[in-house]
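Geometric and topological summary
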Amino acid sequence: MTNIILGVGIVLILIILVMIFRVQSLISIVRGAPRSRETTSNKVNAALWVVLLVLGSVAIIWSSWVAAEYFLPDASSEHGPKTDDLFWITMGITGAVFFATHILLFYFPYKYQFRENRKASFYPDNNRLEVIWTVVPAIVLTLLVLSGWKVWRDITSDAPEQAMEVELVGKQFNWLVRYPGVKQAELGKKKAELGNFNYRLIDASNEVGIDLTDENSFDDFMPREVHLVKGKPVLLKIRGRDVLHSVFLPQFRVKMDAVPGMPTKFWFTPTHTTKEMREQLGNPNFNFELACTEVCGRGHFSMRNLVIVETQEEFDAWAAKQQSWLATHRDYLSKVPANLQQKALQIIGPGEGDNAPASDSTAAPAPDAAAVAPATNPIKMVSNSSK
Amino acid sequence: MAAVDIPAKHDLAHGHDDHDHDHDHRQSFIRKYIFSEDHKIIAKQYLFTGLFWAVVGVSMSLIFRLQLGFPKMNMDFLKPILGGWIEEGKLNPEFYLALVTMHGTIMVFFVLTAGLSGTFSNFLIPLQVGARDMASGFMNMLSYWFFFLSSVLMFTSLFIETGPAAGGWVIYPPLSALPQAMLGSGLGMTLWLVSMALFIISQLLGGVNYVTTVINLRTPGMSFSRLPLTIWSFFFTAVIGLLSFPVLFSAALLLIFDRTFGTSFYLSDIYIAGEALPQNGGSPLLFQHLFWFLGHPEVYIVLLPALGITSEIIATNSRKPIFGYRAMIGSMMAITVLSFLVWAHHMFVSGLNPFLGSIFMFLTLIIAVPSAVKAFNYITTLWREILYSRRPCCSQ
Ligand SMILES: [Cu+2]
Ligand SMILES: [Cu+2]
């Protein structure tokens, strides 16, 4: 409220100044003062150019200062600092040119305001100048393009072999997360793989359309939040289920649309665990965020999910606890083709009625699976760091 | 054809206001002020319609920015205007999106395209090239009335029960294609599409007129190398509009097909509202390409007239010719060409092939060069001038 009163006050004062100024010029006309072509009006207007320049610059700097807390958060991925550097270099160059040109644009109208005894200099053309200020920006921009190209190529290159895979499916209005399971690896598979999917198989329980005719899908698990490992590349496989959504991980400088009918991908490497970030920021409530950044309907504003970055050991312990999707939805066993029934049962373990034990039974995913490999070594890609 | 119909007494050599008595026949009020073929009247019609839309568009942005800036604020005081769209003191989330969508649409198309080009091109082109009126006064009249019709439809869509279109001013499908995806994708979206189709027709009729007038109706001695920079900028603007608006038209048409006839230009593999849709093989990216093929040039449809007017005002008030007249034309020409080659910079993270992305990154930075040239030329024009700082019109 005080702000509004303040604003109204300022406007009123300005109006009063203008009125005084008008009255004065009227008086001078009435008095019959010799009419100069250097009018007060022109002098005031000329001065206002400089006033506008100063006020504008102050406003720009002040608002950037105040809004600094809303700028991008500290980068927590390997490519993050690179894109940040590019951003700030571009900002620095264009910002310098912006201020230089605007200072001249505003100062010249003041400096060269109308004077009786001066004539404008006739200067319609100078080809050399034109060439200079075509070529110099072109060179600067080319340098920016080249540095940008290099970073862009690195970011969009293929994910490294050892990257872990996570599937993110955007739907109105939350993100579904699917991990390739741990059991296939225990059964001797080289790399954990996500099972196939088909949008026609989607229903109220099978939210991402897991295709159970693919044996890779038997051990896929679908936790609520995203868990990532510090220092380990992660390949996001992104899908949209109904309309466009967009994966936005601001701290990791990741953004990629989720497109129905066209799976997309993005890979990156987290560099800080959630715990480290909490200490670094002195904020015990800090969490990495997965948001949607493409308007997708009524609930778009609240479409977000947690991302937890942890050490390999913590991740392994967490992954080992996860029940596969099929194990918690045993009624879908009927969708598994007859020749794979045996294998599915071997992976998800024998059922104890329709309600499989929830994740509270840490050490007992399935007795026979545990016999094949130790539960502490769930995924092949994990094996180099844990035994 | 209609240039002949225009009372020839609009003699521009002495364009005073007291020419009414010169008329051969008295025009009825309707012919003169409403269904007028006079470019000056049409310009004013565009101006006032544009101003109306500017007021509507700005009020919308005030409302949704209040909500955005002060999320805890009680918005009940807006109930008298917005009624049921205020829920428990907050904007209904879908109505919030609808406001953002309509604000974008109104400002970009109705204010900054029709309001700007429609007003200034119509008013100034015949005056500054020394023509009696536009090449076709009749088409010019149609152009305004298509715009009017389109405005009426868009305005109507604000008052329907399910609200206006709400999928963003870029109306990306599948959100805009599926009525079950949000309220605004129902009737509101249909009205948006029909309104925009009419708007595009209006812009094409206007654009053809501007281009034809500049090319054919210049007064003797008004060669292209003497044309005021305002006219050059209106000319390039019209060319851009003529080449890019038809693409938006086709995008809208295909979207209408997807919405009504079950085609799958933009739709594939969709499960929504408990149902897997039969559409297969379409791509939302196709729409994005078509949309931004207009969407980016649109930036320059908005910018070029402003640059042209600036050039003229700076030069006139500086009492000296603009610095680098030819370079100014050249840079506008470069902007015109390049504006068609940068559209996919709106799609870097849409799932576009990264290699294509790098090409568009290059072209996008290059388009900054002609813009920079213009700024430097302005500075040099202002150097050692004698400036009369005043309003461009009406001062002593
Ligand atoms: Cu969203
Ligand atoms: Cu663009």
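Located above this text is the structure these notes cover.
Given the structure is predicted, the values throughout are model-derived calculations rather than measurements. (Residues numbered from 1 in each chain as written. Chains lettered and ligands numbered in written order. Predicted model: local features only at pLDDT ≥ 70, side-chain atom pairs only at ≥ 80, totals over all residues. Heavy atoms only, no water.)

1. Let's talk about the pairing of strand E9 (residues 304-310) of chain A
Residue and element names in this part refer to chain A. Of all 7 residues in E9, 5 are buried, a share of seventy percent or more. As paired elements, strand E3 (residues 226-229) and E9 share 4 bridges and run parallel to each other. Across the sheet, the residue bridging to Val229 is Glu310, located in E9. (Buried < 20%, exposed > 50% of the residue type's maximum accessible area, 1.4 Å probe, protein only. Helix = DSSP H or I, 4+ residues; strand = E, 2+ residues; numbered from the N terminus. Pairing = 2+ DSSP bridges.)

2. Here's the deal with the packing of aromatic side chains
What the rule picks out here adds up to 58 aromatic pairs over all chains. Here the aromatic rings of B:Tyr144 and B:Phe147 are separated by 6.2 Å at their centres, their planes lie at 75°, and the arrangement is edge-to-face. Of the two residues, B:Tyr144 and B:Phe147 both sit in helix H5 (residues 137-156), 3 residues apart, roughly one turn of that helix. The pair B:Tyr144 / B:Phe147 is uniform in exposure class, with both members buried. Just above the ring of A:Phe197 sits the side chain of A:Arg239; from NZ or CZ to the centre is 3.5 Å. Lying over the aromatic face of A:Phe248, A:Lys255 brings its terminal NZ or CZ to 5.1 Å of the ring centre. (Phe/Tyr/Trp six-rings, centres within 6.5 Å; stacked < 30°, edge-to-face > 60°. Lys NZ or Arg CZ within 6 Å of the ring centre and 35° of its normal.)

3. Describing the interface of chain B and chain A
Quite often, the size of an interface is put as the accessible area lost when its parts meet. If you look at the interface, chain B gives 65 residues, while chain A gives 59 residues. Summing both sides of the interface, chain B and chain A together bury roughly 5500 Å²; the carbon and sulfur share of this comes to 69%. Summed over the shared surface of chain B and chain A, the number is 2 salt bridges. In this structure, B:Glu87 and A:Arg298 form a salt bridge, with 3.6 Å as the shortest nitrogen-oxygen distance. For the pair chain B and chain A, the number of links is 9 residue pairs in polar contact (both at pLDDT 80 or more). At the level of elements, helix H4 (93-129), strand E3 (271-272), helix H8 (284-318), helix H9 (325-338), helix H10 (354-366) and helix H11 (368-382) of chain B are the ones that each hand at least two residues to the side of chain B that touches chain A. The leading source of residues in the side of chain B that touches chain A is H11(B), at 10 residues. (Contact = heavy atoms within 4.5 Å. Buried area = accessible area lost by both parts, 1.4 Å probe. Salt bridge = Lys/Arg side-chain N within 4 Å of Asp/Glu carboxyl O. Polar contact = N/O pair within 3.5 Å; in protein donor to acceptor, adjacent residues only side chain to side chain.)

4. Things to note about the sheet that holds strand E7 (residues 264-268) of chain A
Residue and element names in this part refer to chain A. Within the open sheet, the 4 strands sit side by side as E2-E1-E4-E7. Their pairing is mixed. The outermost strands of the open sheet, each flanked by one partner alone, are strand E2 (174-178) and E7. This sheet shows a mean twist of 25° between the axes of neighbouring strands, independent of strand direction. Sheet analysis places strand E4 (residues 234-240) next to E7, joined by 5 bridges and oriented antiparallel. Considered in E7, the bridge of Leu235 is made with Trp267. (Axes fitted to C-alpha atoms, helices over the stretch in contact; angles between N-to-C directions.)

5. Quick look at the coordination of the copper ion (ligand 1)
All names here are of chain A. Donor atoms from the polypeptide that bind the copper ion (ligand 1) are Cys292 (SG), Glu294 (O), Cys296 (SG) and His300 (ND1), placed at 2.0 to 2.6 Å. Written as a sequence motif, the donor arrangement for the copper ion (ligand 1) is C-x1-E-x1-C-x3-H. His300 carries the same exposure label as Cys296, and that label is buried. (Donors = N, O, S within 2.8 Å, 3.2 Å for Na, K, Ca; no water.)

6. Comments concerning the environment of B:Phe257
Residue and element names in this part refer to chain B. On the secondary structure map, Phe257 appears in helix H7 (residues 229-260). We classify Phe257 as partly exposed; its relative accessible area is 31%. For the pair Phe257 and Ser358, spaced 101 residues apart in sequence, the C-alpha to C-alpha distance is 33 Å. The contacts of Phe257, once residues within four sequence positions are left out, are Gly262, Thr263 and Phe265.

7. A word on the coordination of the copper ion (ligand 2)
All names here are of chain B. Those donors, His296 (ND1), His345 (NE2) and His346 (NE2), are the protein atoms that reach the copper ion (ligand 2), and they lie 1.7 to 2.0 Å from it. Between the donor residues of the copper ion (ligand 2), the gaps in sequence give the motif H-x48-H-H. Residue His296 is found in helix H8, and its partner His346 is found in the loop between H9 and H10; the two are separated by 50 residues along the sequence. The exposure class of His296 is buried, given its relative accessible area of 6%.

8. So, H8(B)
Residue and element names in this part refer to chain B. For H8, spanning 35 residues, the distance from its first C-alpha to its last is 51 Å, which sits close to the expected 51 Å at 1.5 Å a residue. Taking the largest bend as the criterion, H8 deviates by roughly 30°, centred on Trp292. The distance from a side-chain oxygen at the start of H8 to the backbone nitrogen of Leu285 is 3.0 Å, and the residue carrying that oxygen is Ser283. Immediately downstream of H8, the backbone of Arg319 shows phi near 60°, a positive value. (Expected span 1.5 Å × (residues − 1). Bend = angle between axes of the 7 residues up to and from the residue.)

9. Observations concerning the environment of A:Pro233
All names here are of chain A. Tracing the sequence through the fold places Pro233 in the loop between E3 and E4. Residue classification places Pro233 among the buried residues on the basis of a relative accessible area of 7%. When the C-alpha atoms of Pro233 and Ser147 are compared, they prove to be 23 Å apart, with 86 residues separating the residues in sequence. Apart from residues lying up to four places away in sequence, Pro233 is in contact with Pro160, Gln162, Ala163, Met164, Trp267, Phe268 and Thr269.

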